[in-house]
Amino acid sequence: MTPHPDFARESLLVLGIETSCDETAAAVVERDPKGSGRILSNVVLSQFDKHAIYGGVVPEIAARAHTECLDQMIRAALDEAQIGLGELSGIAAASGPGLIGGLIVGATTGKALALATGKPFLAINHLEAHALTVGLTDGVRPPYLMLLVSGGHTQLLFVEDVGHYRRLATTIDDALGEAFDKTAKLLGLPMPGGPAVEQAALRGDPGRFNLPRPMAGREDPHFSFAGLKTAVRHAAARVAPLSDQDVADLCASFQAAVCDSVTDRVALAMRLVSPLLADARSRPFVVAGGVAANKALRTALVGVAEDFGFSFHAPPLELCTDNGAMIAWAGAERLALGLVDSLDSPVKPRWPLDPNAVRAAGAGVKA
Ligand code: KG4
Ligand code: ZN
């Protein structure tokens, strides 16, 4: 892609707004003309306590909570960065995929600020923001192979360039974060489920329960986690009532099955993309999204990367889960290319990164 003549030569300061799920977040990042990034501020307010009693995120409560605090979060991000609105180069807001109410709050706020200041508006795909975060944190630039594992998505992507993504695989049922969250719920662990399962697994025996390794050995690199979650339920029912040790062993066994299944799928994807990276100077493998914060999974993925001659990259833990810095960075990358959006650009609850991806056989509506 040819850089935009105006923006590519300047240092860019971009405000990022994230409201697609249950985190209200704002950040300011700087991108220098060589493409290196720096976080000037990054404030995140989680709504976990508001949703906890319902056992999951309630969309209307999330949207209202964003409305209540977003202006203060933006003020805090600007203050911490010691930047006035007038000094910004652009304003970026997550505009999908996600919960429509929250997206409307964030995108409308971003557009209002863009209109009031005359700055460019950038409508950011939340998945693209996860996918590009390693450019900000590790200076890794496309092309690379990427595993995106969040609460709503589980995908293997070939990131060709900013704005150009080839989806190699997706889940045919539950997303990996969703599988962690549902497993936590059925074992009586608190929200957010992923970290709770990881914590409990530390005390558990991963070999006690023989759980399936979904899709392992299959020739298409897709994922499936619904069967694994059901297997955990059956295993739990067999030993109920559950002691703390039973819960820990179930979590450790679940996490071990997840690691085996995911590494099998990633190994296949590495074989598939190797020809596409034949001319590249390096072969980066990037993992991002909330579940990339899981240390057992990270360790397992480091191993596959080594086996297949890829370098392993993942954002630091706090930038794996949703945040404003990743939105601001995706905004800065797009702004450098002149990819500005109009103030009537829509929010999109569904927004695939690769619009040409073929539907996976057997996949549900989320794929
Ligand atoms: O990317 P993210 O913050 O939000 C979405 O875009 O979905 O991902 C949230 C998901 C949740 O399902 C959460 O349980 C999971 O990431 N997660 C984890 C861990 N930390 C967050 N899953 C496993 N282990 C973790 N340490
Ligand atoms: Zn996310």
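Refer to the structure presented above.
Residues numbered from 1 in each chain as written. Chains lettered and ligands numbered in written order. Predicted model: local features only at pLDDT ≥ 70, side-chain atom pairs only at ≥ 80, totals over all residues. Heavy atoms only, no water.

> How would you sum up the overall build of the chain? Please name residues and give values.
The helix and strand inventory of the chain stands at 11 helices and 10 strands. Expected size for 367 residues packed as a compact globule is a radius of gyration near 21 Å; at 20 Å, the chain falls within 12% of this value. Within the chain, the fraction of its 367 residues that count as buried is 54%. Put simply, the chain has 32 plus and 40 minus side-chain charges, and the middle of one group is 4 Å from the middle of the other. (Helix = DSSP H or I, 4+ residues; strand = E, 2+ residues; numbered from the N terminus. Rg over C-alpha atoms; globule rule 2.2 N^0.38 Å. Buried < 20%, exposed > 50% of the residue type's maximum accessible area, 1.4 Å probe, protein only. Lys, Arg positive; Asp, Glu negative; His and termini not counted. Charge placed at Lys NZ, Arg CZ, Asp CG, Glu CD.)

> Before we move on, could you go through helix 6 (residues 193-201) and cite the residues and values that matter?
Summarising burial for helix 6: 7 of the 9 residues are buried, a large majority. Of the positions making up helix 6, those classed as buried are Gly 193, Gly 194, Ala 196, Val 197, Glu 198, Ala 200 and Ala 201. At its buried positions, helix 6 is contacted by helix 5 (176-186), helix 8 (244-273) and helix 9 (295-308). (Contact = heavy atoms within 4.5 Å.)

> I'd love a proper account of the packing of helix 2 (residues 59-81) against helix 3 (residues 100-117), names of residues and values included.
Angle between the axes and distance between the axes: these two values describe a pair of packed helices. At a minimum axis separation of 9 Å, helix 2 and helix 3 run at an interaxial angle of 30°. Taken together, the axis directions place helix 2 and helix 3 in an arrangement best described as roughly parallel. Read as a crossing pair, helix 2 and helix 3 show a hand that is right-handed. Every residue of helix 3 that contacts helix 2 at Ala 63, His 66, Thr 67, Leu 70 and Ile 74 is listed here: Gly 101, Gly 102, Val 105, Gly 106, Thr 109 and Leu 113. Here the contact of helix 2 with helix 3 is composed, by residue class, of 5 nonpolar, 6 polar and no charged. (Axes fitted to C-alpha atoms, helices over the stretch in contact; angles between N-to-C directions. Parallel < 35°, antiparallel > 145°, perpendicular 65-115°, else oblique. Left-handed = near helix turned anticlockwise from the far one by under 90°. Nonpolar A, V, L, I, M, F, W, Y, C, P; charged D, E, K, R; others polar.)

> Break down the sheet that holds strand 7 (residues 154-161) for me, citing the residues and quoting the values.
If you trace the 5 strands from one edge of the open sheet to the other, you get 8-7-6-9-10, paired in mixed fashion. Unpaired on one side and paired on the other, strand 8 (164-170) and strand 10 (311-313) mark the two borders of the sheet. Taking the axes of each pair of neighbouring strands and ignoring which way they run, one obtains an average angle of 25° across the sheet. Across the sheet, helix 8 lies against strand 6 (144-149), strand 7, strand 8 and strand 9 (284-288), angled at about 155° from strand 6, the strand it touches most. (Pairing = 2+ DSSP bridges.)

> An account of the site of ligand 1 is needed here, citing residue identities and associated values.
Among the 18 residues in the neighbourhood of ligand 1, the closest are listed as Gly 151, Asp 181, Gly 194, Glu 198 and Gly 290. Separating a nitrogen atom of ligand 1 from a side-chain N or O atom of Glu 198 is a distance of 2.7 Å. The contact in question runs from an oxygen atom of ligand 1 to an N or O atom on the side chain of Asp 322, over 3.0 Å. Summarising the interface, the protein chains cover 88% of the accessible area of ligand 1, which totals 550 Å² for the free molecule. Looking at side-chain class alone, the shell around ligand 1 contains 4 nonpolar, 11 polar and 3 charged residues. (Near = heavy atom within 4 Å. Polar contact = N/O pair within 3.5 Å; in protein donor to acceptor, adjacent residues only side chain to side chain. Areas by Shrake-Rupley, 256 points an atom, 1.4 Å probe, with all protein chains shown as cover.)

> Quick rundown of the side chain of Ser 41? Include the residues and the values.
Position of Ser 41 relative to the elements: it lies in strand 3 (residues 37-46). Separated by 2.7 Å, the side chain of Ser 41 and the backbone oxygen of Ala 77 make a polar contact. Beyond its immediate sequence surroundings of up to four residues, Ser 41 is in contact with Ala 27, Val 28, Ala 77, Glu 80 and Ala 81.

> Any chance you could break down the nonpolar core for me, citing the residues and the numbers?
Ranked by size, the top nonpolar core spans 51 residues in total, and within it Leu 147 and Val 262 carry the most contacts. For this core, the element with the highest residue contribution is helix 8, accounting for 14 residues. Not counting residues up to four positions away in its chain, the partners in contact with Leu 147 are Gln 155, Leu 156, Phe 223, Val 262, Val 266, Phe 285, Val 286, Val 287, Ala 288 and Leu 301. With 37 residues, the next largest nonpolar core counts Leu 12, Ile 327, Trp 329 and Leu 337 among its residues. (Core = buried A, V, L, I, M, F, W, Y, C linked by side-chain atoms within 4.5 Å.)

> So, the packing of helix 5 against helix 8: which residues are in play, and what are the values?
The interhelical angle for the contact between helix 5 and helix 8, taken along N-to-C directions, is 170°, at an axis separation of 12 Å. Put simply, helix 5 runs roughly antiparallel to helix 8. Both helix 5 and helix 8 take part in a crossing whose hand is right-handed. Here Leu 176, Ala 179, Phe 180 and Thr 183 of helix 5 come into contact with helix 8, specifically with Phe 254, Gln 255, Val 258 and Val 262.

> Describe the pattern of salt bridges, listing the residues and the values that go with them.
For the structure on display, the rule yields 15 salt bridges. Across the pair Arg 31 and Glu 333 runs a salt bridge whose closest N-O atoms are separated by 2.6 Å. Linking Arg 31 in strand 2 (residues 23-31) with Glu 333 in helix 11 (residues 324-336), this pair joins segments that are 302 residues apart in sequence. Accessibility assignment for this pair places Arg 31 and Glu 333 in one class, buried. With a closest N to O distance of 2.8 Å, Arg 141 and Glu 333 form a salt bridge. Of this pair, Arg 141 sits in the loop between helix 4 (126-137) and strand 6 while Glu 333 is found in helix 11, placing the two residues 192 residues apart along the sequence. Here the salt bridges share partners, and the residues they tie into one network are Asp 174, Glu 178, Lys 182 and Lys 229. (Salt bridge = Lys/Arg side-chain N within 4 Å of Asp/Glu carboxyl O.)

> Can you tell me about the pairing of strand 7, naming the residues and giving the values?
Burial analysis of strand 7 places 6 of its 8 residues in the buried class, which makes it a mostly covered element. Where strand 6 lies against strand 7, 6 bridges are found, and the strand directions are antiparallel. Paired with Val 149 across the bridge in strand 7 is Thr 154. A loop of 4 residues connects strand 6 with strand 7, the two strands running antiparallel in sequence. Strand direction decides the pairing type here: strand 7 and strand 8, joined by 6 bridges, are antiparallel. When the sheet's bridge partners are listed, Val 159 is paired in strand 8 with Tyr 165. Hairpin geometry of strand 7 and strand 8 is characterised by an intervening segment of 2 residues between the two adjacent antiparallel strands and by a positive phi of about 85° at Gly 163.

Everything listed is a geometric property; what it means functionally is a separate question.
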